[in-house]
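# Overview (structure and organization)
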Amino acid sequence: MASTDGSGRPAGIPRTLKADADVSVEVMRRVKAPHRPMLVVLNGNEADVGRRVIVDRTLIVGRDPEAGLSLTDGLVSWHHARLEDRGDGWAVVDLGSTNGVLLNGNPVEDAQLAAGDTLVFGKAVARFELQDGAAQAYNQVVEKLLNTDDLSGLFVRRKFDADLAQLIDVARNKGTPVTLLVMDLDGVKGINDTHGHLFGAYVIGESGRLIGQLVEKRGIACRFGGDEYLAALPGMTAEQGAAVGEEIRLTIGSHPFEKDGIPLRPGISIGVAAFPTDAASAQALFQRADEALYRAKQAGKNRVSY
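Residues numbered from 1 in each chain as written. Predicted model: local features only at pLDDT ≥ 70, side-chain atom pairs only at ≥ 80, totals over all residues. Heavy atoms only, no water.

### Details of the overall build of the protein
Scanning the protein from terminus to terminus reveals 7 helices and 18 strands. Scored against the burial criterion, the 306 residues of the protein give a buried share of 44%. Considering only intrachain contacts with a sequence separation of at least 6, the fraction spanning at least 24 residues in the protein is 56%. (Helix = DSSP H or I, 4+ residues; strand = E, 2+ residues; numbered from the N terminus. Buried < 20%, exposed > 50% of the residue type's maximum accessible area, 1.4 Å probe, protein only. Contact = heavy atoms within 4.5 Å.)

In structure tokens:
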């Protein structure tokens, strides 16, 4: 029979921690928080599924990246529909969209909403829900898990591709550029072969965080593949984007990478291309930037090419 410490708890099992007042207050605040309306995307483009937005004011649904619920589906109009507070409840209004709005399977132009209603915009299927604070906090965690790379803290490729498509959509309408950086670390294979994959993973994660800090407020970034990254810089020409790429290259080159007392010295090669001067679509833009990355590698690595 297992020994106990006198309280019935098996010996060696740590005591339960007592919650402090701040923790208890925060938990109860979330439990007691008033239910708030929310739209949750259940089906449609992979990039849109799982999106959740709190409906706390009049909200536009459409392809416009500045819409309250921005969708990537080409069947969705720029401004497709509006959710508005009528005082005694919420309603959905079709804004003259090309493909209309369905409420619980029926086409509507102006209709009152109830909790659990299903709305269809193009291919996107969304549910109108009422959620308390605990459910809202859960949804925020889920959305972060869906969209964030654990190792680097950057976007995952799926999220990045969706946002890049929207950035190009806006740039096309406004006549402004978007520059794409395709980046590949130099020297990771040697680090893995010499010190092991944990050291390579450390370099990859730390480099991603550095890239995120440099790109933050200027654009978006993601990690894809093992030691490859992307950054999109709206409003920047290729020359301006190359300057940001040079900042990244110098930062990676001067950063004191060190794990378990072992200094590590990676470099980074970067290819640059801009919409619309180099390519007219997101896919073609990636190809042009990837070709520039290849030129950087062929020229000796650890450089920026465009």
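Additional details are given in the paragraphs that follow.
### Digging into the sheet that holds strand 9 (residues 110–112)
Taking strand neighbours across the sheet as the criterion, the 5 strands line up as 4-3-5-6-9 in an open arrangement whose pairing is mixed. Edge strands, defined here as strands with exactly one partner in the open sheet, are strand 4 (69–70) and strand 9. Sheet analysis places strand 3 (residues 59–62) next to strand 4, joined by 2 bridges and oriented parallel. Bridging across to strand 4, G62 finds its partner in S70. (Pairing = 2+ DSSP bridges.)

### A short note on the side chain of S269
The topology assignment puts S269 in strand 17 (residues 267–275). Sequence-distant contacts of S269, that is, excluding residues within four places in its chain, are made with V182, M183, D184, D186, L293, A296, K297, K301, N302 and R303.

### Points about helix 4 (residues 188–195)
Each α-helix winds once per 3.6 residues, and so residues spaced three or four apart point in a common direction. Residues V188, I191 and N192 constitute the buried set of helix 4. All buried residues of helix 4 fall inside an arc of 100 degrees around its axis, so they share one side. Structural note: helix 4 exposes K189, D193 and T194 on the side pointing more than 90 degrees away from its buried face. Elements that come into contact with the buried residues of helix 4 comprise strand 12 (178–186) and helix 5 (197–215). Looking one or two residues beyond helix 4, the residue adopting positive phi is G196, at roughly 110 degrees. (Arc of directions from axis to C-beta.)

### Concerning the pattern of salt bridges
Counted under the stated rule, the structure contains 19 salt bridges. The shortest N-O distance in the salt bridge between D186 and K297 comes to 2.4 Å. Of the two residues, D186 is situated in strand 12 and K297 in helix 7 (residues 282–298); the sequence distance between them amounts to 111 residues. Residue class for D186 comes out buried when judged on its relative accessible area of 7%. Here the salt bridges do not stand alone but share partners, grouping D48, R51, K159 and D163 into one network. (Salt bridge = Lys/Arg side-chain N within 4 Å of Asp/Glu carboxyl O.)

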